[in-house]
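# Examination of the molecular architecture
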Amino acid sequence: MESEPGSSDKPSNGMEDFETLISTTDVELLKRAWRNEKAAPEILRFETNLIDRVTGQLQLMEETVDDFVESGIDPLTVSLYQMDLDRTQFLLRSYLRIRLQKIEKFMFHILKTNELHDRLSKQEKNFTRRYSEVIGKHLEESVLLNLPDNYQSLIRQSTTSEEDDMVPEPQMDTFVVCKAREYVGPSELQDSNKSLAADLVMEMEPGELFFIPFKRIKKLLENGKVDLV
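Keep in mind that this is a model prediction, so the values were computed, not measured. (Residues numbered from 1 in each chain as written. Predicted model: local features only at pLDDT ≥ 70, side-chain atom pairs only at ≥ 80, totals over all residues. Heavy atoms only, no water.)

## Looking at a nonpolar patch on the surface
Worth spelling out the cut-off: Patch building starts from residues that exceed 30% relative accessible area and form no salt bridge, then joins like charges within 9 Å and nonpolar side chains (Val, Leu, Ile, Met, Phe, Trp, Tyr) within 5 Å. Computed by Shrake-Rupley with a 1.4 Å probe, the accessible areas treat only the displayed protein chains as cover when residues are assessed. In what follows, salt bridge is the name for a side-chain nitrogen of Lys or Arg lying within 4 Å of a carboxyl oxygen of Asp or Glu. Numbering of helices and strands starts at the N terminus; helices are DSSP runs of H or I of at least 4 residues and strands are runs of E of at least 2.
On the surface, Phe-175, Val-177, Leu-209, Phe-211 and Val-229 cluster together into a nonpolar patch covering about 510 Å² of accessible area. Mapped by element, the contributors of at least two residues to the nonpolar patch are strand 1 (175-180) and strand 2 (209-213).

## Here's the deal with the packing of aromatic side chains
Selection criterion: Two aromatic rings from Phe, Tyr or Trp, using only the six-membered ring of Trp, form a pair when their centres are within 6.5 Å; if the ring planes differ by under 30 degrees the pair is stacked, by over 60 it is edge-to-face, and anything between is tilted. Burial status follows relative accessibility: with a 1.4 Å probe on protein chains alone, a residue under 20% of its type maximum counts as buried, one over 50% as exposed, and anything between as partly exposed.
Taken as a whole, this structure holds four aromatic pairs when the rule is applied. Judged by centre distance (5.6 Å) and plane angle (50°), the rings of Phe-68 and Tyr-81 are tilted. Within this pair, whereas Phe-68 is found in helix 3 (residues 48-70), its partner Tyr-81 is found in helix 4 (residues 75-112), the two being separated by 13 residues in sequence. Residues Phe-175 and Phe-211 carry aromatic rings whose centres are separated by 5.0 Å and whose planes lie at 35° to one another, so their mutual orientation is tilted. Of this pair, Phe-175 sits in strand 1 while Phe-211 sits in strand 2, and the two are 36 residues apart along the sequence. Exposure remark for Phe-211: the relative accessible area of 59% places this residue in the exposed category.

## Examining the environment of Ile-212
The test is simple: Two residues form a contact once any of their heavy atoms are found within 4.5 Å.
Secondary-structure assignment places Ile-212 in strand 2. By relative accessible area, which is 1% here, Ile-212 ends up buried. Counting along the chain gives 38 residues from Ile-212 to Thr-174, while the straight-line C-alpha distance between them is 8.2 Å. Look past the residues within four positions of Ile-212 in its chain and what remains in contact with it is Thr-174, Phe-175, Val-176, Cys-178, Leu-189, Met-202, Met-204 and Ile-217.

## Examining the pattern of salt bridges
Pairing between side chains of opposite charge can happen when their charged atoms approach one another. Evaluation of the coordinates by the stated rule reveals 17 salt bridges. Among the salt bridges present, the one from Glu-28 reaches Lys-31, with a minimum N-O distance of 3.5 Å. Of this pair, Glu-28 and Lys-31 are both found in helix 2 (residues 25-39), three residues apart, which corresponds to roughly one turn of the helix.

## Side note on helix 6 (residues 122-142)
Note the following rule: To estimate how far a helix should reach, multiply one less than its number of residues by 1.5 Å. Regarding the arc, it is the one traced by the directions from the helix axis to the C-beta atoms.
Taking 1.5 Å of rise per residue, 21 residues should cover 30 Å, and helix 6 covers 30 Å from first to last C-alpha, within 8% of that figure. For helix 6, every residue scored as buried is listed here: Glu-124, Thr-128, Ser-132 and Gly-136. Down the axis of helix 6, the smallest arc covering the buried residues is 95°, so these residues share one side. Turned more than 90 degrees from where helix 6 packs its buried face, Lys-122, Gln-123, Val-134, Lys-137 and Glu-141 sit exposed.

## A few points about the packing of helix 3 against helix 4
Note the threshold: Lines fitted to C-alpha atoms define the axes here, with helix axes fitted over just the stretch in contact, and angles between the N-to-C directions of these axes take values from 0 to 180 degrees. Roughly parallel means an angle under 35 degrees; roughly antiparallel, over 145; roughly perpendicular, 65 to 115; everything else is oblique. Left-handed describes a crossing in which the near helix is turned anticlockwise from the far one by less than a right angle; the clockwise case is right-handed. Under this grouping Gly is polar, as are all residues other than the nonpolar Ala, Val, Leu, Ile, Met, Phe, Trp, Tyr, Cys and Pro and the charged Asp, Glu, Lys and Arg.
Two elements in contact, helix 3 and helix 4, have axes separated by 10 Å at closest approach and are oriented at 155°. On the basis of the axis angle, helix 3 is roughly antiparallel to helix 4. The hand of the helix 3/helix 4 crossing is left-handed. The segment helix 3 lies against helix 4, with Ile-51, Val-54, Thr-55, Leu-58, Met-61, Glu-62, Val-65, Phe-68 and Val-69 engaging Val-78, Tyr-81, Gln-82, Leu-85, Thr-88, Gln-89, Leu-92 and Tyr-95. A per-class count over the contact of helix 3 with helix 4 returns twelve nonpolar, four polar and one charged.

As structure tokens, then:
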């Protein structure tokens with residue numbers, strides 16, 4: 001008896017679905033989010049929807065690879081698909097790790113800055129709060145209580161300080177390399193600092209690379225008009 005048309009194509013159809021899955025836009029978006037987060041001096045907005053989709057896709061990809069193994073697909077073929085899966089997992093883990101490193105470094109600044117705090121995921125907010133409490137308690141018990149009363153602040157050098165001068169902040173003047181995704185006019189490269197207008201007047205064409213202070217392209221990055229490299 002002849003098999004029905006397409007009845008023997010299940011493994012190949014599964015492969016085609018898998019190839020479509022790993023080449024989806026979400027993987028490229030994750031690469032973009034990872035590059036931007038890695039190059040930016042401050043923490044960027046958590047890509048909630050993207051990370052949820054990628055997490056779901058990774059689970060599906062793992063199940064697909066397991067099905068290939070059980071179906072007896074060529075081991076070399078399976079290893080290639082596993083390699084793509086591993087790359088995506090690496091990107092996701094690295095993205096989350098970079099954000100945690102920034103939180104650990106700038107946690108007190110993030111906690112007192114609503115704009116930055118709102119960029120965190122729910123899990124990151126919980127981590128920031130708990131981590132700051134643990135570090136604060138440790139420093140207080142091991143160091144601050146042994147100092148004169150005027151120097152027992154965790155965020156100020158002394159009670160006479162007018163600002164939180166013991167809180168590390170991101171260096172917004174850091175130069176970064178960015179690529180324009182669309183045309184950007186000179187007026188869009190200015191921020192609240194009026195002096196920047198006379199500092200450097202230029203425009204960006206799509207695909208061009210620029211070496212420029214982060215604060216000048218911060219809004220462009222948030223609006224998706226440039227990417228960091």
